Amino acid sequence: QVQLVESGGALVQPGGSLTLSCAASGSIVSIDFMSWDRQTPGKHREFVARVSGIGNTDYADSVKGRFTVSRNNAKNTVYLQMNGLRPEDTALYSCNAGIYYSAAGGYLDVWGQGTVVIVSS
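*Asks:* Please explain the nonpolar core as it appears in this structure.
*Replies:* Where a protein is soluble and globular, its nonpolar side chains tend to be buried together. Judged by nonpolar contacts, the single largest core of 30 residues is most densely connected at Trp36, Leu80, Met82 and Tyr93. Contributing elements (two or more residues each) for this core: strand S1 (2-7), strand S3 (18-26), strand S4 (30-39), strand S5 (46-51), strand S7 (67-72), strand S8 (77-82), strand S9 (91-100) and strand S11 (115-119). Among the elements that line this core, the one with the most residues is S9, at five residues. When near neighbours in sequence (up to four residues on either side) are disregarded, Met82 contacts Gly16, Ser17, Leu18, Leu20, Arg66, Phe67, Tyr93 and Val117.

*Asks:* Teacher, can you tell me more about the pairing of S11 here?
*Replies:* Put simply, side chains in a regular strand alternate between the two faces of the sheet. Burial along S11 is one-sided: Thr115, Val117 and Val119 are buried, while Val116 and Ile118, pointing the other way, are not. Taken together, the two bridges between strand S2 (residues 11-12) and S11 define a ladder with parallel strand orientation. When the bridges of S11 are listed, Leu11 appears paired with Ile118. In this sheet, S11 lies alongside S9 in antiparallel orientation, the contact comprising three bridges. Within S11, the residue paired with Leu92 across the bridge is Val116.

*Asks:* Help me out: how do you make sense of the pattern of salt bridges in this one?
*Replies:* When their charged atoms lie close together, side chains carrying opposite charge are able to pair. Evaluation of the coordinates by the stated rule reveals four salt bridges. A salt bridge links Arg38 to Glu46; the shortest N-O distance between them is 2.8 Å. Classification of Glu46 as partly exposed rests on a relative accessible area of 32%. The salt bridge involving Arg38 is made with Asp89; its shortest N-O contact spans 3.0 Å.

*Asks:* Where do I start with the state of the cysteines in this structure?
*Replies:* Here a disulfide denotes one covalent bond, and it connects the sulfur atoms of two cysteines. In this structure the tally under the stated criterion is one disulfide. Disulfide partner of Cys22: Cys95, at an S-S distance of 2.2 Å. Judged by the sign of its S-S torsion, about -85°, the bond between Cys22 and Cys95 is left-handed. Of this pair, Cys22 sits in strand S3 while Cys95 sits in strand S9; the two residues are 73 residues apart in sequence, bridging distant segments of the chain. By relative accessible area, Cys22 is classed as buried at 0%.

*Asks:* What is the right way to look at the sheet that holds S8 in this model?
*Replies:* As a general point, the strands of a sheet are linked pairwise by backbone hydrogen bonds and lie either parallel or antiparallel. One open sheet accounts for four strands, arranged S1-S3-S8-S7; its pairing is antiparallel. Two strands lie at the open edges of the sheet, namely S1 and S7, each paired on one side alone. For this sheet the average axis-to-axis angle between neighbouring strands, irrespective of direction, equals 15°. Both S3 and S8 contribute to a ladder of six bridges, which runs antiparallel. Among the inter-strand pairings, Ser21 is bridged to a residue of S8, identified as Tyr79.

Calculation rules
- Residues numbered from 1 in each chain as written.
- Predicted model: local features only at pLDDT ≥ 70, side-chain atom pairs only at ≥ 80, totals over all residues.
- Heavy atoms only, no water.
- Core = buried A, V, L, I, M, F, W, Y, C linked by side-chain atoms within 4.5 Å.
- Buried < 20%, exposed > 50% of the residue type's maximum accessible area, 1.4 Å probe, protein only.
- Helix = DSSP H or I, 4+ residues; strand = E, 2+ residues; numbered from the N terminus.
- Contact = heavy atoms within 4.5 Å.
- Pairing = 2+ DSSP bridges.
- Salt bridge = Lys/Arg side-chain N within 4 Å of Asp/Glu carboxyl O.
- Disulfide = S-S within 2.5 Å.
- Axes fitted to C-alpha atoms, helices over the stretch in contact; angles between N-to-C directions.

Structural data, given as structure tokens:
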């Protein structure tokens, strides 16, 4: 079994910074992409950032220049460094990853439960 667990969500003031972490655990052979999405009540899930297996990154226009996604392959962990936070960044942030879980090539698209970020004064 493979799972993702996010951490780091908090209440932060506008303009502040926060770093989210997402750790994968279980019978992992390797991890392909790792990404972050977010969702607020009444809205669709929104793509935030993604890092490929070879380190290429991609960002939503709304977070470019403020957020940085990175990964530590030795720890099977992806991070989201968020700077210049705005009230509209308030959301449930969820981690997603493509994980090879067996040498025979078994592959799972796994989601975490999410961590809440609230940006408010």
